[in-house]
Amino acid sequence: MTSTPPPPQGSAPTANAMRRALKRARDGVALDVAEAAVLLQARGADLDDLCASAARVRDAGLEAAGRPGVITYSKSVFIPLTRLCRDKCHYCTFATVPGKLRRAGHGMFMSPDEVLAIARRGAELGCKEALITLGDRPEDRWPEAREWLEAAGYDDTIAYVRAISIRILEETGLLPHLNPGAMSWTDFQRLKPVSASMGMMLETTAERLWSEPGGPHYGSPDKEPAVRLRVLEDAGRSSVPFTSGLLIGIGENYEERAESLFALRRISRAYHGIQELIMQNFRAKPDTAMRGMPDAELDDLVATVAVARHIMGPSGCLQAPPNLVAGEYERLIGAGIDDWGGVSPVTPDHVNPERPWPQIDELAERSAAAGFRLRERLAVYPEFVQRGEPWLDPRVLPHVRALADPETGLANEHAEVKGLPWQEPEDVFVPSGRTELHRAIDTEGRTADRRDDFDEVYGDWEALREAAAPGMAPERIDADVREALRQAADDPTRLTDPQALALLHADGPALDAVCRIADDLRRDVVGDDVTYIVTRNINFTNVCYTGCRFCAFAQRRTDADAYTLSLDQVADRAAQAWDVGAVEVCMQGGIHPDLPGTAYFDIARAVKERVPGMHVHAFSPMEIVNGATRTGMSVREWLAAAKEAGLDTIPGTAAEILDDEVRWVLTKGKLPAATWIEVVRTAHELGIRSSSTMMYGHVDQPRHWLGHFRRLVEIQQETGGFTEFVTLPFIHTNAPVYLAGISRPGPTMRDNRAVTAMARLLLHPHITNIQTSWVKLGAEGAAEMLRSGANDLGGTLMEETISRMAGSSYGSYRSVRDLIAIAEAAGRPARARTTLYGEVPAERVAAAMASDGHLPELLPVLGD
């Protein structure tokens, strides 16, 4: 029999240590890990003292939330969608094997009919939550699970969870709360549109319980603490109301338990997305490897609840399952809980089937005896109901509002629980807001330098400062610059990382030498011609709730500068661009919550129908993932459909820096680096080429630039799909991360020259076109980059809103003559190109020269 050894607890705390820790708790002073570990061992009168101060913290929070004296619960049904799991937790009786399921007459997954029968029965009895619990990715371990999914038409378990959640919403009205285990960032995007909330227990951050043989999580890949912490962070980044918590008594010691609580506090503070924490006590079960382990004692659970309350503070929501405490409800209330969790009148607790739920009437009576009124809540906590977007998807929000009390955000106990259509918002492409912003930004500017939800939408700024500090620390460079210069001149493909870093840090004469070497290489590879493209940017909406901290473009739908274009307006702008010689439209927009995943197809199709010859260069990898997850399609399927609708190439934006150390400071909710790479690779495999980009000069360092360049080379060697590399200097003026005092004020001229020159050297010979940005650098800056290894000026743009909203002072368009003049300032000839760097048809060249590549001054504002 495998069992977990007793935790190495060390000596008991001294009386003085306990007195000091209790006093700090009473006085409301922030605890540290050592003090929390001491308090977890409080017993007797000390535990009573600890609970009293914890209860005061809880009561202050309930008062501030507008529900003093209220303890909540959710009336739910428990749906064990599958009991197969790829993990092997040594205490679990929920997970089973295919043979046992077959012998019991069950399928590998519950069928839709079985799920809906439970959900309908719950709706009849007034339940409002469908708690969907299942094992982690069973198809990775069990062929029978994979076969069941394939036969039912699902690519993976997450696809089935999504599909059954939609049916529950439409056919029963219950709100899905999803517990599918360890999810990826992409999984969150797939499931958020079909659920009110999600959850996954952290359980513990004690790595030894996962890594050492005999540990309760040994052999369970999804129980690695780093994996589970990443899931919690991805939930916060995705603005998903999330439930987590600890499982105590599985072999952790008190310091490890305290560290786990502080890890939860850190994530809650950073993203404000943890809606509740469950403190669950271990109960040994027969027929498990840990059947001989003692149950967690009640005093241990009570102390853990009280310490958690002090660590999480008054705004935290704490739950303890009432069926696991043998009726000791008053002690848990006294320790600081404010919620009993899900209680079902229909289904058992399938994870702890030997412990039946209490009757709701009994729970109400026992809560009242402790001085609390029992109130029903929804699967999603009232604070998130009242916050609305971005925490609740527009397709789920009507379902939530149908069951919620609009005043409190709690459940409307008299609401009829019935199915409602799960559908995309109607009338998405109705022109709204400041649709003339592409013109007015140059004359009137933006309404304000920041959104009025600045302090909330991006996460916790103080936590972000702490996270950003290590990445911004410069490194000492010991490599010989002269030797690195000789290697760059001789064969830049053989530059080592230390040599490349030495050159990325170069300044003065050394930097001049780097730029000369890069410019010589440019001349040898692509010649002296400076290329440009006659193109129009069309940013079809700036409504976005992703929470990118570098972006000053994104607005809420109610903000003064928000706008959305109609399909006709998009097509009109493309037609106007064609009339003045454009060969391309570049179309990107915010991640508008109302935008269906098929809207991108409609946009591409609208342009192609109006202007068949126009090249559609559109949709960043972030938009592609958004489209795919909203439609339930794979990225490959979505890209194939977009190509059929008229998409020609994609911009390689949303890359920022392909290093998650930097990305998670720059953005709250954007796709991880690995997902960006996956999207771009898939596009290239389908014959959809892309640009590549790097935004630099914020919270990054040259070591991050080097890693980014190396990743781009790896992709290009594999796919050959990149057409160019575009340098994107960070515009700081109105960027939230700068206004919060975290980022640098953009790159220096030294940085710009070094990045441009080293892009030429490090991407050689794989990506041969290096583009500089006149929008961000101006004419003189762009000319300097042409002398530092760049060979392309980008486009005329005709309109440009993103950089201008961020504070760029260089305007929204350049005429053809302007671009030619920039090339001449660098002593070089200029010529027009296509998106793929081909020759421009003579008719297009003539049209562009006749109009000078920009729109007539008296063109009416669209939508007036």
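Residues numbered from 1 in each chain as written. Predicted model: local features only at pLDDT ≥ 70, side-chain atom pairs only at ≥ 80, totals over all residues. Heavy atoms only, no water.

**Describing the overall build of the protein**
1) Next: Within the protein, the secondary structure is distributed over 35 helices and 20 strands.
2) Next: For the protein, whose C-alpha radius of gyration is 29 Å, the value lies close to the compact-globule estimate of 29 Å for 864 residues.
3) Next: The dimensions of the protein, computed from C-alpha atoms along their principal axes, are 85 × 60 × 55 Å.
4) Next: Taking all 864 residues of the protein together, the buried fraction comes to 62%. (Helix = DSSP H or I, 4+ residues; strand = E, 2+ residues; numbered from the N terminus. Rg over C-alpha atoms; globule rule 2.2 N^0.38 Å. Buried < 20%, exposed > 50% of the residue type's maximum accessible area, 1.4 Å probe, protein only.)

**Brief notes about the packing of helix 22 (residues 508-526) against helix 31 (residues 749-763)**
1) Next: The interhelical angle for the contact between helix 22 and helix 31, taken along N-to-C directions, is 40°, at an axis separation of 9 Å. The angle between helix 22 and helix 31 falls in the class oblique. Once helix 22 is placed against helix 31, the crossing between them reads as left-handed. In contact with Leu-511, Asp-512, Val-514, Cys-515, Ile-517, Ala-518, Leu-521, Arg-522, Val-525 and Val-526 of helix 22, helix 31 contributes Arg-750, Arg-753, Ala-754, Ala-757, Met-758, Arg-760 and Leu-761.
2) Next: For the contact of helix 22 with helix 31, the class distribution of residues is 12 nonpolar, no polar and 5 charged. (Axes fitted to C-alpha atoms, helices over the stretch in contact; angles between N-to-C directions. Parallel < 35°, antiparallel > 145°, perpendicular 65-115°, else oblique. Left-handed = near helix turned anticlockwise from the far one by under 90°. Contact = heavy atoms within 4.5 Å. Nonpolar A, V, L, I, M, F, W, Y, C, P; charged D, E, K, R; others polar.)

**Points about helix 20 (residues 481-490)**
1) Next: Restricting attention to buried positions, one finds in helix 20 the residues Ala-484, Leu-485, Gln-487 and Ala-488. The buried residues of helix 20 all sit within an arc of 165° when viewed along its axis, so they share a single face. Exposed residues lying more than 90 degrees from the buried face of helix 20 are Arg-482, Arg-486, Ala-489 and Asp-490.
2) Next: A distance of 2.8 Å separates the backbone nitrogen of Arg-482 from a side-chain oxygen at the start of helix 20, and that oxygen is part of Asp-480. (Arc of directions from axis to C-beta. Polar contact = N/O pair within 3.5 Å; in protein donor to acceptor, adjacent residues only side chain to side chain.)

**With respect to the side chain of Lys-670**
1) Next: Mapping Lys-670 onto the fold places it in the loop between helix 27 (660-666) and helix 28 (673-685).
2) Next: Here Lys-670 falls in the buried class, since its relative accessible area comes to 11%.
3) Next: A polar contact is formed between the side chain of Lys-670 and the side chain of Glu-656, at a distance of 2.9 Å.
4) Next: With residues near it in sequence (within four places) discarded, Lys-670 still touches Trp-185, Thr-546, Cys-548, Phe-550, Met-622, Ala-654, Glu-656, Arg-663 and Trp-664.

**So, helix 5 (residues 112-124)**
1) Next: With 13 residues, helix 5 extends 18 Å between its outermost C-alpha atoms, agreeing within 8% with the 18 Å of an ideal straight helix rising 1.5 Å per residue.
2) Next: When helix 5 is considered as a whole, its buried residues turn out to be Val-115, Leu-116, Ile-118, Ala-119, Gly-122 and Ala-123. Down the axis of helix 5, the buried side of the element spans an arc of 160°, and every buried residue falls inside it. Projecting away from the buried face of helix 5 at angles above 90 degrees are the exposed residues Asp-113 and Glu-124.
3) Next: Buried residues belonging to helix 5 abut strand 1 (70-82) and helix 7 (157-171). (Expected span 1.5 Å × (residues − 1).)

**As for the packing of aromatic side chains**
1) Next: Within the structure shown, the criterion is met by 15 aromatic pairs.
2) Next: Taking the centre distance of 6.4 Å and the plane angle of 75° together, the rings of Phe-619 and Trp-638 count as edge-to-face. Of this pair, Phe-619 sits in the loop between strand 15 (615-618) and helix 25 (621-631) while Trp-638 sits in helix 26 (residues 635-645); the two residues are 19 residues apart in sequence, bridging distant segments of the chain. Pair check on accessibility: Phe-619 and Trp-638 agree, each one buried.
3) Next: The lysine or arginine in question, Arg-237, covers the ring of Trp-664, its NZ or CZ lying 3.7 Å from the ring centre.
4) Next: Residue placement shows Arg-387 over the ring face of Trp-391; its charged tip is 5.1 Å from the ring centre. (Phe/Tyr/Trp six-rings, centres within 6.5 Å; stacked < 30°, edge-to-face > 60°. Lys NZ or Arg CZ within 6 Å of the ring centre and 35° of its normal.)

**What about the pairing of strand 5 (residues 242-248)?**
Within a regular strand, the side chains alternate between the two sheet faces.
1) Next: For strand 5, the tally of buried residues reaches 7 of 7 residues, placing the bulk of the element in the interior.
2) Next: With burial as the criterion, each face of strand 5 is covered, one bearing Phe-242, Ser-244, Leu-246 and Ile-248 and the other bearing Thr-243, Gly-245 and Leu-247.
3) Next: Pairing analysis gives 2 bridges linking strand 4 (residues 197-199) to strand 5, with the strands arranged parallel. From the neighbouring strand, Met-198 faces strand 5, where its bridge partner is Phe-242.
4) Next: As paired elements, strand 5 and strand 6 (residues 274-281) share 7 bridges and run parallel to each other. Looking across to strand 6, one finds that Leu-246 is bridged to Met-279.
5) Next: In this region the chain leaves strand 5, passes through helix 11 (residues 254-271) and returns to the parallel neighbour strand 6; the handedness of that crossover is right-handed. (Pairing = 2+ DSSP bridges. Right-handed = clockwise from strand over helix to strand, strands pointing away.)

**So, the pattern of salt bridges**
1) Next: One pass over the structure, following the stated rule, counts 60 salt bridges.
2) Next: Put simply, Arg-26 and Asp-49 hold a salt bridge, and the shortest N to O gap is 2.6 Å. Here the residue Arg-26 occupies a position in helix 1 (residues 15-26), and Asp-49 occupies one in helix 3 (residues 45-65), the gap between them amounting to 23 residues.
3) Next: Among the residues examined, Asp-49 registers a relative accessible area of 23% and is labelled partly exposed.
4) Next: Taking the shortest distance from any N to any O, the salt bridge between Glu-784 and Arg-753 comes out at 3.5 Å. Linking Glu-784 in helix 32 (residues 774-786) with Arg-753 in helix 31, this pair joins segments that are 31 residues apart in sequence.
5) Next: Among the charged side chains, a salt-bridge network with shared partners connects Arg-230, Glu-233, Asp-234, Arg-237 and Arg-266. (Salt bridge = Lys/Arg side-chain N within 4 Å of Asp/Glu carboxyl O.)

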